[in-house]
Amino acid sequence: QVQLVESGGGSVQAGGSLRLSCAASGRTFSTYTMGWFRQAPGKEREFVAAISWSRTDYADSVKGRFTISRDNAKNTVYLKMNSLKPKKKDVYYCAGDKYLSVSRARMTSMYKSWGQGTQVTVDS
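So, here is what we can say about the structure in this document.

Definitions and limits used
- Residues numbered from 1 in each chain as written.
- Predicted model: local features only at pLDDT ≥ 70, side-chain atom pairs only at ≥ 80, totals over all residues.
- Heavy atoms only, no water.
- Buried < 20%, exposed > 50% of the residue type's maximum accessible area, 1.4 Å probe, protein only.
- Helix = DSSP H or I, 4+ residues; strand = E, 2+ residues; numbered from the N terminus.
- Pairing = 2+ DSSP bridges.
- Contact = heavy atoms within 4.5 Å.
- Disulfide = S-S within 2.5 Å.
- Axes fitted to C-alpha atoms, helices over the stretch in contact; angles between N-to-C directions.

In this section: the pairing of strand 3 (residues 18-24). Burial within strand 3 is extensive, with five of its seven residues counted as buried. By the bridge criterion, four bridges tie strand 1 (residues 4-7) to strand 3 in an arrangement that is antiparallel. Note that in strand 3 the partner of Glu6 across the bridge is Cys22. Bridge count for strand 3 against strand 8 (residues 76-81) is six bridges, and the pairing is antiparallel. Looking at strand 8, one finds that Ala23 is bridged to Thr76.

Put into structure tokens, the structure is as follows:
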């Protein structure tokens, strides 16, 4: 399995934008479906977006505002977040699993590899 390292978190004003990155180790990154999840303090981790070789999926709460993309040459997946809504210290996690169908990519249990997370705070 790949090793994943997220970056790009920080604090931003409501309505602003951030781009998260997730760098993966290994030579078979292109075969992995990658997902972004977030977790608010005291709450369960929730699905944000996923991307396979050819398909993407988004949670309804972020559709139209967030964009997931990948650069297989750089072994990196991105999450561009626009029109951010006020949130207190959500932690965003990157996850990956080889050959995972996007249709199953909303479930945390489907992923074998996880990053350590990067914190995002959106101030009102």
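On to the environment of Asp123, then. Position of Asp123 among the secondary structure elements: in strand 11 (residues 118-123). Linking Asp123 and Asp71, residues 52 residues apart in sequence, is a C-alpha distance of 30 Å. Sequence-distant contacts of Asp123, that is, excluding residues within four places in its chain, are made with Ser11, Val12, Gln13 and Ala14.

Attention shifts here to the state of the cysteines. Evaluated as defined, the whole model comprises one disulfide. Here Cys22 connects covalently by a disulfide to Cys94, the sulfurs 2.1 Å from one another. Its S-S torsion of about -75° marks the bond between Cys22 and Cys94 as left-handed, since a negative value means left-handed. Of this pair, Cys22 sits in strand 3 while Cys94 is found in strand 9 (residues 87-98), placing the two residues 72 residues apart along the sequence. In terms of burial, Cys22 and Cys94 fall into one category: buried.

Quick look at the sheet that holds strand 8 now. Backbone hydrogen bonds are what pair the strands of a sheet, in a parallel or an antiparallel way. Here we have four strands laid out as an open sheet, ordered 1-3-8-7, and antiparallel in their pairing. Looking at the sheet topology across the chains shown, the edges are occupied by strand 1 and strand 7 (66-71). Put simply, the sheet's adjacent strands are angled 15° from each other on average, direction ignored.

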